[in-house]
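# Structure assessment
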Amino acid sequence: MSEAAHAHTSSIDYGSYLRLPELLELQTLQSSPEHPDELLFIVVHQASELWFKVLRHEMDTMITALEGFDTMRALLAVQRVNVLTEIVAQQLTALDTLPPQRFAQFRGYLGSSSGSQSAQFRAIEATAGLRDPHFLAAITEHGEPPAVVKEALARPVLQSLVLGLIEHEKMELAELYMGPGPTPMFLLVEGLLEFEQRFARWRFLHVQLVERIIGPGTFGTGGTLGAKYLSRTVSHRFFPELWAVRSKFYGTAK
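If you're wondering where the values come from, they're calculated on a predicted model, not measured in any experiment.

### What to know about a nonpolar patch on the surface
On the surface, Ile 12, Tyr 14, Tyr 17 and Leu 18 cluster together into a nonpolar patch covering about 470 Å² of accessible area. The partly exposed category is assigned to Leu 18, whose relative accessible area is 36%.

### Observations regarding the packing of aromatic side chains
If you walk through the whole model with that rule in mind, you get 13 aromatic pairs. Centre to centre, the rings of Phe 103 and Phe 106 are 5.3 Å apart; their planes meet at 90 degrees, and the pair counts as edge-to-face. Of this pair, Phe 103 and Phe 106 are both found in helix H6 (residues 100-107), 3 residues apart, which corresponds to roughly one turn of the helix. Of the two residues, Phe 103 and Phe 106, both sit in the buried class.

### Comments concerning the packing of helix H7 (residues 119-128) against helix H11 (residues 184-214)
Between H7 and H11, the least distance of the axes is 13 Å, while the angle of their chain directions is 150 degrees. Crossing of H7 against H11: the hand is left-handed. Contacts between H7 and H11 pair Phe 121, Ile 124, Glu 125 and Ala 128 from the former with Phe 195, Phe 199, Trp 202 and Arg 203 from the latter. Here the contact of H7 with H11 is composed, by residue class, of 6 nonpolar, no polar and 2 charged.

The rules behind each value
Residues numbered from 1 in each chain as written. Predicted model: local features only at pLDDT ≥ 70, side-chain atom pairs only at ≥ 80, totals over all residues. Heavy atoms only, no water. Patch = residues over 30% accessible without salt bridge, like charges linked within 9 Å, V, L, I, M, F, W, Y side chains within 5 Å. Areas by Shrake-Rupley, 256 points an atom, 1.4 Å probe, with all protein chains shown as cover. Salt bridge = Lys/Arg side-chain N within 4 Å of Asp/Glu carboxyl O. Buried < 20%, exposed > 50% of the residue type's maximum accessible area, 1.4 Å probe, protein only. Phe/Tyr/Trp six-rings, centres within 6.5 Å; stacked < 30°, edge-to-face > 60°. Helix = DSSP H or I, 4+ residues; strand = E, 2+ residues; numbered from the N terminus. Axes fitted to C-alpha atoms, helices over the stretch in contact; angles between N-to-C directions. Left-handed = near helix turned anticlockwise from the far one by under 90°. Contact = heavy atoms within 4.5 Å. Nonpolar A, V, L, I, M, F, W, Y, C, P; charged D, E, K, R; others polar.

In structure tokens form, the structure reads like this:
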């Protein structure tokens, strides 16, 4: 390390490295007078967006590994993706402490904002492989899809990359479940299914949270369908072929 670089790094401390002064000023309450629960609502959603950023980064790493036929690197990446997905799901429980009547007291200050407008969330869905008409309609609900979503849609579907890796190894998907024991490829495929399960769990918790706070038949902020829309997304599949191989296996078993 050069003297200039050393001088620069020696002046960095915890607060400046994490840019805490700026970060802690980003929670701007809109309610007037300020509602005591609005800070929690903002922080949970801001934290989700930060975790979404890391999740997108790790999914990019996983895709690069799959494109390079690097099974072990892809396996390590999917393991981290799964931990991050669980963190995003768990932090939603903080909003379980928000009673409906208290949310109603500051909900009107949210304007047209809605969680369905999260570009990063939509990009994660697209990266994972969603391409069904319901999803494609949702990403244009608020106008032209954001750039990060368009970029994700332009990439190969994640399932096709996994199947391409299996083919590259001169194997068939069903073989992973008929061998003597778990292989790195098997763990990778199972890790992707775990990701889908954890992501579905996040959706389910989100549905329950929305229904608990605003009710199952109430429109969401910004005029969205609220819990009704979220309920429809719980059954979305990222990896239908990885799920279907189980029925094929047991269907031919004697």
